[in-house]
Amino acid sequence: MHDANLAGPFWLIALFVGIAAIVFGALESNPVGAQYDRPDLG
């Protein structure tokens, strides 16, 4: 974070965002959300 000219505590934010991205990326998709898909683009 220092190289980006940001304060030191910002690394905590970056860490939590990274962990959240991994967790949400590993979750299975919910088929209920497919109701908003556009069938004409499929």
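Everything here concerns the structure above.
Residues numbered from 1 in each chain as written. Predicted model: local features only at pLDDT ≥ 70, side-chain atom pairs only at ≥ 80, totals over all residues. Heavy atoms only, no water.

A few points about the overall build of the protein
Inference 1: A tally of regular secondary structure across the protein gives one helix and zero strands.
Inference 2: Seen through its C-alpha atoms, the protein measures out along the principal axes to roughly 50 × 20 × 10 Å.
Inference 3: Of all 42 residues assigned to the protein, the portion counted as buried reaches 0%.
Inference 4: Here the protein has roughly 4,100 Å² of accessible surface; of this, 67% comes from carbon and sulfur atoms. (Helix = DSSP H or I, 4+ residues; strand = E, 2+ residues; numbered from the N terminus. Buried < 20%, exposed > 50% of the residue type's maximum accessible area, 1.4 Å probe, protein only. Areas by Shrake-Rupley, 256 points an atom, 1.4 Å probe, with all protein chains shown as cover.)

Regarding a nonpolar patch on the surface
Inference 1: Taken together, the side chains of Trp11, Leu12, Leu15, Phe16, Ile19, Val23, Phe24 and Leu27 define a hydrophobic patch exposed on the protein surface, amounting to about 840 Å² of accessible area.
Inference 2: Considering the arrangement of structural elements, one finds Leu27 in the segment after helix H1 (10-26).
Inference 3: Using a relative accessible area of 52% as the deciding quantity, one classes Leu27 as exposed. (Patch = residues over 30% accessible without salt bridge, like charges linked within 9 Å, V, L, I, M, F, W, Y side chains within 5 Å. Salt bridge = Lys/Arg side-chain N within 4 Å of Asp/Glu carboxyl O.)

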